[in-house]
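Notes for the structure review
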Amino acid sequence: MSIRIMDTPELLSLNKFNVDEKEPHIKIKKEICAGCTEKPCLVVCPAGLYRLDQDGDISFDHAGCLECGTCRIMCRHKGAIEWQYPRATFGVTYRFG
């Protein structure tokens, strides 16, 4: 038996996401994030959804969120990440595990 390491997009494809386009469950206040030098959200998100854009600003795609809350916990700047659970019927559904 061999073990194959899967990359993030392949792992995320095992889950089902029902994206709420009208009310994202995570909102970022970029003006607060601009003053952050550490930017832990770039490395702690297990889905890799936080990125720096061309201007050096944080961008986030809530569509693949695993709803773990790690970004909210690791953020040192209160109010930078507004996080709540998705509305009923929206969010992630884990197919395996």
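Residues numbered from 1 in each chain as written. Predicted model: local features only at pLDDT ≥ 70, side-chain atom pairs only at ≥ 80, totals over all residues. Heavy atoms only, no water.

1. Description of the overall build of the chain
- Regarding its fold elements, the chain presents four helices and six strands.
- Of the regular secondary structure in the chain, the N- to C-terminal order runs α-β-β-α-α-β-β-α-β-β.
- Considered along the principal axes of its C-alpha atoms, the chain spans approximately 50 × 35 × 25 Å.
- Considering the chain as a whole, with its 97 residues, one finds that 29% of them fall into the buried category.
- For the chain, the share of sequence-separated contacts (at least 6 apart) that also reach a separation of at least 24 residues comes to 66%.
- For the chain, the accessible surface area stands at approximately 7000 Å², while carbon and sulfur atoms represent 53% of it. (Helix = DSSP H or I, 4+ residues; strand = E, 2+ residues; numbered from the N terminus. Buried < 20%, exposed > 50% of the residue type's maximum accessible area, 1.4 Å probe, protein only. Contact = heavy atoms within 4.5 Å. Areas by Shrake-Rupley, 256 points an atom, 1.4 Å probe, with all protein chains shown as cover.)

2. What about the side chain of His-62?
- Among the secondary structure elements, His-62 is positioned in the loop between strand S4 (58-60) and helix H4 (70-74).
- Residue His-62 is classed as buried on the basis of its relative accessible area of 17%.
- Apart from the residues within four sequence positions on either side, His-62 is in contact with Val-19, Asp-20, Pro-24 and His-25.

3. Focus on unusual backbone geometry
- Positive phi outside glycine occurs at Glu-67, with the angle close to 60 degrees.
- Its place among the elements puts Glu-67 in the loop between S4 and H4.
- Here the phi dihedral of Thr-89 falls at roughly 75 degrees; this positive angle occurs in a residue that is not glycine.
- Tracing the backbone shows Thr-89 in the loop between strand S5 (81-83) and strand S6 (91-93).

4. Side note on empty space enclosed by the protein
- Tallying each qualifying case throughout the model produces three cavities of 30 Å³ or more.
- Of the volumes computed, that of the largest cavity is approximately 110 Å³.
- Along its surface, the largest cavity is lined by 13 residues, and Cys-33, Cys-36, Cys-41, Cys-75 and Ile-81 are the ones closest to its centre.
- Here the residues of the lining of the largest cavity are counted per class, giving 10 nonpolar, one polar and two charged. (1 Å grid on protein atoms, 1.4 Å probe; cavity = no way out; pocket = protein on both sides within 12 Å on 5 of 7 lines; lining within 4 Å. Points joined across faces, edges and corners; volume = space filled by probe spheres on them. Nonpolar A, V, L, I, M, F, W, Y, C, P; charged D, E, K, R; others polar.)

5. Re the pattern of salt bridges
- With the rule as written, the count across this model stands at four salt bridges.
- A salt bridge links Arg-4 to Glu-10, with the nearest nitrogen and oxygen atoms 3.0 Å apart.
- Exposure remark for Glu-10: the relative accessible area of 29% places this residue in the partly exposed category.
- Taken together, the shared-partner salt bridges connect Asp-20, Glu-23 and Arg-87 into one network. (Salt bridge = Lys/Arg side-chain N within 4 Å of Asp/Glu carboxyl O.)

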